[in-house]
Amino acid sequence: MRQHYRARAQLLAIACSALAATASCAPDALPKRTGLTVLIADEANGDSWPSYGRTYSENHYSPLDEINTATVSRLKLAWSYDLDVLQRNDAQPLMVDGVLYVAAGFSIIHAFDARSGKLLWRFDPEVAAVAAQKMRPSWGIRGLALWNNKVIFGTQDGRLMAVDARTGRPVWSTQALDTSDETTITGAPRVFNGKVVIGFAGAERAARGAVLCFDAETGKFLWRFYTVPGDPAKGFENKAMEMAAKTWSGQWWKYGGGGTVWNAMTYDPELNRLYIGTGNGGPWNWKIRNPKGGDALFLASIIALDADTGEYIWHHQQNPNEAWDYNSTMDIVMATLPIEGRPRKVLMQAPKNGFYFVLDRETGKLISAEKIARVDWAKGYDLRTGRPIENPNVRYEKGPIVMWPGTYGTHNWQPMSFSPKLNLAFIPTIHQADGYSSEGIEPATWQPARNRGNTGMSPLPKDGPLRVPTEDFGSSLQAWDPIRQKQVWSRPNPGIVNGGTMATGGGLVFQGLIDGNLNAYEAATGRKLWSFFAGVAVLGAPITYRVNGKQYITVAAGPTSGAPAAALTGQAKFGWRYTDHPRRILTFTLDGTGKLPPTPPPGREEPLVSDELVPDPRLAEEGEFPFRTRCRTCHGADARAMGGAPDLRASAIPLNREAFRQVLLEGAMVERGMPKFDDLTDADLEPLRHYIRKRAMEDATTATSKRPPASADAGGV
Ligand code: CA
């Protein structure tokens, strides 16, 4: 199998060398360099987009201004490319020296000539063949890194890999994560000083959070910083873990503890530090994880580490003893802001919990924290102690609650951008609530199960007085002033989860939307100036760069896929279908002349009508819970797919017991990304089949009548 992908990379490399006489081919276009440090550190030069947040400040801002408020009306498609990828396509590309690097699906890496859209090479690490149980979280890649002629990226199965940026040939590969657990690498690695750091996801899968550092030239392991303590009987890795363990009780290490670093990592070249954002507790239910209370360090925190050694410097915890799947893993942006009359080196973050944080990055001291949307769980923060002032019963001590924000957070991983020219942040904002209940959960005997999101929570009681107001869910794009701590403007957006944002020196903010539009707004006012319909949802964060003096903008588009955009009720209605709609790369420039290929219009999936299996109501009811915990992330809430995977209501496979068994138990469709569920038995399959067919028949027969809103419950991302 390794031979197979090598062969493919070689074929493309040969194709490329045949083109070497033309100036557009990657090998000639990429000069030898000793590293990208200067490029990533250069905030003023907008020619490249060499790192996830463009530069070390991670602000997703480019100073380029050829495309600006006056010229944006001339912005046209330069080229588009429909990828041969089945899964998510919402990662952010990178561009250096005229070559665009694109990651999609299960870490399939592509290099394009940025001007023409010509594919230079494609590398497929064949994740499905080796990922086994790590396939089940089904996230896929969200970003990549460039360093010294290497493209560096993580995989769902926990490899950290480097391929030659000129040829796509493998350079090194390190099994960074344990193969036996369910942790996965989804986020972009960050590179600095010849080192590469990664985090991983899996707080709901019994993970103990950590960030790992490797040599960027060789993939050799250098250091690891755990974010939560392990079993005290085994001793502590460092003083920070010893300190953290004093804030936990019970036997938390048996459940992993969580605190995974699945997204935000920001390198500070001024202070030679790495700031990491940590995730929620695993399980969410603190009564299981930390029964006597205590802060549970370092869950839901920003931690500053020495970038050379990974040693702890300071932390700020946003949610002591986190209990709601809130996490602090959203992008961490650096800036120098005038605060109370003097310039302060700050970090900024809009995490899930609904506040916008400004921290002094030298000391970790909280400067401000204000609500950017409806927040029920706290009144605010005490700036003297840096701690939140929680409202009563938000820890579901006295029974179930419904609370804003929910588990998707007010802001999720889709990057916000920050314009240092305007000192404004542009935040893709989510308005969503959740129910939280621990009724019927026995903390003393609860155990995490394999292959599912372990929250330690229960659904809201059916027919009880509490319900989640899904009809009030929504989204917006807002501009936030972190100095005055005020919203400057806000625009409603379609659906619930939309793309990340990019701000430019041309006074523009770009954002792709679930409805298939890429929009440009005047950054100062929020006035919409430009829009392009991409034929499919645009959920990647755009990038911009300059080649031969001309400014380009590139963005990834594709059917909604990979939570949190996936499983949320309300995302399906836009009609992006897994099988029909493309995973598309779009590049724009002033007066571009590209044409989109024909694309099917959006529209609902048609459930298959059949008498072959008459759903048994009892079995179907039994199948609802396993569907929600095993299938929903990909196949959609209430079995209404939203593009992340085939719509099972429209599939003939559930009609046939044997076909269904082969797919689930024997892994007949693993290569297409459908994991094998070999921990299920034949007896587990019938309820699932009946549930899926019941949903198909309901939606087929009531297609024109109004159905009541589907119930939402703690979904888990
Ligand atoms: Ca989570």
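Residues numbered from 1 in each chain as written. Predicted model: local features only at pLDDT ≥ 70, side-chain atom pairs only at ≥ 80, totals over all residues. Heavy atoms only, no water.

### Describing the overall build of the chain
To be explicit about the condition: Secondary structure counts use DSSP, requiring at least four H or I residues in a row for a helix and at least two E residues in a row for a strand, with both numbered from the N terminus. Every radius of gyration here is taken over C-alpha atoms, with the globule rule written as 2.2 Å times N^0.38, N being the number of residues. Accessible area is worked out with a 1.4 Å probe on protein chains only. A residue is then buried under 20% of its type maximum, exposed over 50%, and partly exposed in between. Two residues form a contact once any of their heavy atoms are found within 4.5 Å. A 1.4 Å probe and the Shrake-Rupley method give the accessible areas. Residues count as covered only by the protein chains that appear here. Note that His is not counted, nor are the chain ends; the positive residues are Lys and Arg, and the negative ones are Asp and Glu. Taken as the charge location is NZ of Lys, CZ of Arg, CG of Asp or CD of Glu.
Looking only at helices and strands, the chain has nine helices and 39 strands in total. Computed over C-alpha atoms, the radius of gyration of the chain comes to 24 Å, within 12% of the 27 Å expected from 2.2 N^0.38 for 717 residues, which places it in the range of a compact globule. Considered along the principal axes of its C-alpha atoms, the chain spans approximately 65 × 60 × 50 Å. The 717 residues of the chain split such that 64% are buried. Considering only intrachain contacts with a sequence separation of at least 6, the fraction spanning at least 24 residues in the chain is 64%. For the chain, the computed accessible surface area is about 24,900 Å², with 52% contributed by carbon and sulfur atoms. Charged side chains of the chain number 80 positive and 74 negative; the gap between the two group centres comes to 2 Å.

### Observations regarding the packing of aromatic side chains
Where we set the bar: Any two rings among Phe, Tyr and Trp, with Trp reduced to its six-membered ring, count as a pair given centres within 6.5 Å; such a pair is stacked if its planes are under 30 degrees apart, edge-to-face if over 60, and tilted if neither. To sit over a ring, a charge needs its Lys NZ or Arg CZ within 6 Å of the ring centre and within 35 degrees of the ring normal.
Counting across every chain of the model gives 33 aromatic pairs. Ring geometry for W489 and Y521: centres 6.4 Å apart, planes at 45°, overall tilted. Of the two residues, W489 is situated in strand β32 (residues 486-493) and Y521 in strand β35 (residues 517-522); the sequence distance between them amounts to 32 residues. Take W489 and Y521: they sit in the same class, and that class is buried. One aromatic cluster in this structure is built from W324, Y326, F355, F357, W377 and Y381. The ring of W413 has R142 sitting right over it, with the charged end atom 4.9 Å from the ring centre. Over the ring of Y226 we find R208, and its NZ or CZ is 3.6 Å from the ring centre.

### Focus: the side chain of R395
Operational definition: Under the rule applied, a polar contact is a pair of N or O atoms within 3.5 Å (in protein, one hydrogen donor and one hydrogen acceptor; residues adjacent in sequence only if both atoms are side-chain atoms).
Here R395 is to be found in the loop between β26 (387-390) and β27 (401-403). Taking the relative accessible area as the measure of exposure, R395 reaches 12% and is therefore buried. Of note is the side chain of R395, whose polar atom sits 2.8 Å from the backbone oxygen of P320. In contact with R395, other than residues within four places in its own chain, are W286, K287, P320, N321, A323, W324 and E390.

### So, the nonpolar core
For the record, the criterion: Residue types Ala, Val, Leu, Ile, Met, Phe, Trp, Tyr and Cys, when buried and joined through side-chain atoms within 4.5 Å, form a set referred to as a nonpolar core.
Counting residues in each nonpolar core, the largest one holds 102 residues, and the members touching the most others are L100, V151, I152, F225, F510 and F588. Broken down by element, the residue count for this core peaks at six residues, all from strand β4 (residues 99-104). If we ignore the near neighbours within four places in the chain, the residues touching F225 are A210, V211, N238, A240, M241, I276, F298, I303, L305, G310 and Y312. By size, the runner-up hydrophobic cluster in this structure holds 28 residues, among which are I302, W324, F357 and Y436.

### Observations regarding the confidence of the model for the chain
Test applied: Confidence of the predictor at the level of single residues is given by pLDDT, which spans 0 to 100.
When pLDDT is averaged along the chain, the result is 91; 92% of the residues meet or exceed 70. Within the model, pLDDT remains below 50 along residues 1-34, and this stretch shows 60 contacts once partners closer than five positions in the same chain are excluded.

### Some remarks on the packing of helix α7 (residues 617-635) against helix α9 (residues 682-701)
Note the following rule: Note on method: axes are straight lines fitted to C-alpha atoms, helices fitted across the in-contact stretch only, with angles between N-to-C directions ranging 0 to 180 degrees. These descriptions rest on fixed angle ranges, namely under 35 degrees for roughly parallel, over 145 for roughly antiparallel, 65 to 115 for roughly perpendicular, and the rest for oblique. The nonpolar class holds Ala, Val, Leu, Ile, Met, Phe, Trp, Tyr, Cys and Pro. Asp, Glu, Lys and Arg form the charged class, and all remaining residues, Gly among them, are polar.
Running from amino to carboxyl end, α7 crosses α9 at an angle of 95°, the nearest separation of the two axes being 7 Å. Judged by the angle between their axes, α7 and α9 are roughly perpendicular. For the pair α7 and α9, the contacting residues are L619, A620, E622, G623, E624, P626, F627 and C631 in the first and P687, L688, H690, Y691, I692 and K694 in the second. Taken together, the residues that form the contact of α7 with α9 break down as nine nonpolar, two polar and three charged.

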